[in-house]
Amino acid sequence: MTALHHADFNRPKGIHRVRTLPDPALGALWDSIILDEALKDQLVSQAMLNFTMRGKVDRSVLPLHGVIFLVGPPGTGKTSLARGLAHRTAQSFKGGKFQLLEIEPHALTSSAMGKTQRAVSDLFSQSIAEAATRCPTIVLLDEVETLAADRAKMSMEANPVDVHRATDAVLVQLDALAEQNPQLLFVATSNFPEAVDTAFTSRCDLVVHIPLPDAKACAAILCDCLTGLGRTYPSIGKLAKSTDVARCAAACVGLDGRAIRKMVANALASTPETAMNPDSLTADKLLASAKAAAANRLQPGRKT
Ligand SMILES: Nc1ncnc2c1ncn2[C@@H]1O[C@H](COP(=O)(O)OP(=O)(O)OP(=O)(O)O)[C@@H](O)[C@H]1O
Ligand SMILES: [Mg+2]
């Protein structure tokens, strides 16, 4: 992972990581997420359009803000897709250097009155705006509900006024950056879209719902996982090609992509023997683990 940190210097507050694009590691991440190809193409096209057209057409004609929003249940690949999309976008503009800034929203929030709003304003109006003058820039706003919390649903928890102002600051800054910086694209994610302010969502150029994997996608994710393990443990690779794997995949329907991969890890840890010698994993153990994961998901009280 050290290669991912090569551009990681002089980070202003709130910018968690800076990466130079294209980055093949992010390309592999993009490829590892099993999703309807048409949806993937739509994401790349929207991101490309942002950089080809936004600076050339007046905002009174097309009011683009340069924001793509990925929403969906936890573990469905949103953060991975957002990073991969940054790579794919840069790659489409052959030869051009792009950069990806990853924002850490929790670093901006503060219990001190007015501090969050100030930190948000500074991040957008100084750090991001300045970075975007250097080269085309993609900004990952992961778990954006933290920054653009729904002002209509503020509870009486600590400093609701401050949270309110932080959301206001995000909206004001997005408008300002949309006006001044056509070489900028935000990719936001949330697994809790009800908590995101509707004025933020309204500013998004494209909102894409990332669904739980369907039966075919579950099988593909399981296969990808087993094939990947097969590079280290050849017997697990053979399991990926066996007919038994279809039964295991069927048992995974209803699980998200993260849960499917974790289920495989649980199968490997189902006995001390497989933990010590992963090559001894059997289809039966995998099936038992898939069924346990699915049953766990259905337990009452668990949010689905
Ligand atoms: N559709 C998918 N295909 C393949 N792998 C997937 C898929 N969805 C999730 N995964 C795997 O699950 C893990 C978690 O993915 P990621 O962190 O991108 O999810 P997320 O949607 O951002 O989750 P959260 O909402 O909890 O932040 C990754 O290892 C990823 O490879
Ligand atoms: Mg995520």
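Position numbers for residues count from 1 along each chain, tracking the sequence in the order it is written. Naming scheme: in the order in which they are written, chains are lettered from A and ligands are numbered from 1. Note on the predicted model: pLDDT of at least 70 is required for a residue's local features to be given, and 80 or more for side-chain atom pairs to be given and counted; whole-chain, interface and lining totals, by contrast, use all residues. Each side-chain value is worked out from all heavy atoms of the structure, with water and hydrogens disregarded.

A.B. asks: Explain the packing of aromatic side chains here, please?
C.D. replies: Here a ring pair, both rings aromatic, is described through the centre-centre distance and the interplanar angle of the planes. Between rings of Phe, Tyr and Trp, where Trp is taken as its six-membered ring, a pair exists when centres lie within 6.5 Å; planes separated by under 30 degrees are stacked, by over 60 edge-to-face, and by other angles tilted. As enumerated under the stated definition, the model contains five aromatic pairs in all. Here F51 and F93 contribute two aromatic rings whose centre-to-centre distance is 6.2 Å and whose plane-to-plane angle is 75°, an arrangement assigned as edge-to-face. Highlighted residues: F51 in helix α2 (residues 37-53) and F93 in the loop between α3 (78-92) and β3 (98-103), separated in sequence by 42 residues. Given the relative accessible area of 8%, F51 is considered buried. Here the term buried applies to any residue with accessible area under 20% of the maximum for its type, exposed to any over 50%, and partly exposed to those in between, with areas from a 1.4 Å probe on protein chains only. A relative accessible area of 23% means that F93 is categorised as partly exposed. Aromatic side chains F124 and F186 sit 5.6 Å apart centroid to centroid with 25° between the ring planes, which places their arrangement in the stacked category. Helical segments are the DSSP runs of H or I of at least four residues, strand segments are the runs of E of at least two, and each set is numbered from the N terminus.

A.B. asks: What exactly am I supposed to notice about the site of ligand 1 here?
C.D. replies: Residues are classed as near a molecule or strand on a simple rule: at least one heavy atom within 4 Å of it. Around ligand 1 sit 15 residues, and of these I34, G75, K78, T79 and S80 come closest. Under the rule applied, a polar contact is a pair of N or O atoms within 3.5 Å (in protein, one hydrogen donor and one hydrogen acceptor; residues adjacent in sequence only if both atoms are side-chain atoms). At a separation of 3.2 Å, a nitrogen atom of ligand 1 approaches a polar side-chain atom of R261. When the free accessible area of ligand 1 is taken as 630 Å², the share hidden by the protein chains comes to 84%. Those elements that place two or more of their residues in the shell around ligand 1 are α3 and α10 (257-268). Residue type decides the class: Asp, Glu, Lys and Arg count as charged, Ala, Val, Leu, Ile, Met, Phe, Trp, Tyr, Cys and Pro as nonpolar, and the leftover types, Gly among them, as polar. A per-class count over the shell around ligand 1 returns four nonpolar, eight polar and three charged. Here the shell around ligand 1 spans two domains, since at least three of its residues come from each of domain 1 (3-209) and domain 2 (215-296). We get accessible surface area from the Shrake-Rupley algorithm with a probe of 1.4 Å; when it comes to residues, only the shown protein chains can shield them. Boundary definitions for the domains trace back to an automatic or database domain assignment.

A.B. asks: How should I be thinking about the domain arrangement of the chain in this particular structure?
C.D. replies: Interfaces are frequently sized by the accessible area removed from exposure as the parts join. Entries for the chain in the domain assignment read domain 1 (3-209) and domain 2 (215-296). The straight-line distance from the C-alpha centre of domain 1 to that of domain 2 is 34 Å. Both faces combined, the contact of domain 1 with domain 2 buries some 460 Å², and carbon together with sulfur accounts for 59% of it. Buried area: the sum, over both parts, of the accessible surface (1.4 Å probe) that disappears when the two are put together. The largest per-residue losses of area from domain 1 upon contact with domain 2 belong to S32, I34 and G75, which jointly make up 83% of the total buried on that side. Any carboxyl oxygen of Asp or Glu that lies within 4 Å of a side-chain nitrogen of Lys or Arg is treated as forming a salt bridge with it. For the pair domain 1 and domain 2, the number of links is zero salt bridges.

A.B. asks: Would you explain the environment of A28 in this entry?
C.D. replies: Within the fold, A28 resides in helix α1 (residues 24-32). Residues A28 and R247, spaced 219 residues apart in sequence, show a C-alpha to C-alpha distance of 27 Å.

A.B. asks: When you look at the environment of C204 in this model, what are you seeing that I'm missing?
C.D. replies: If you trace the backbone, C204 turns up in the loop between α6 (198-203) and β6 (206-209). The exposure class assigned to C204 is buried, which follows from its relative accessible area of 11%. Residues C204 and V187, spaced 17 residues apart in sequence, show a C-alpha to C-alpha distance of 9.3 Å. Throughout, a contact is declared for two residues whenever any of their heavy atoms are within 4.5 Å. Beyond its immediate sequence surroundings of up to four residues, C204 is in contact with V67 and F69.

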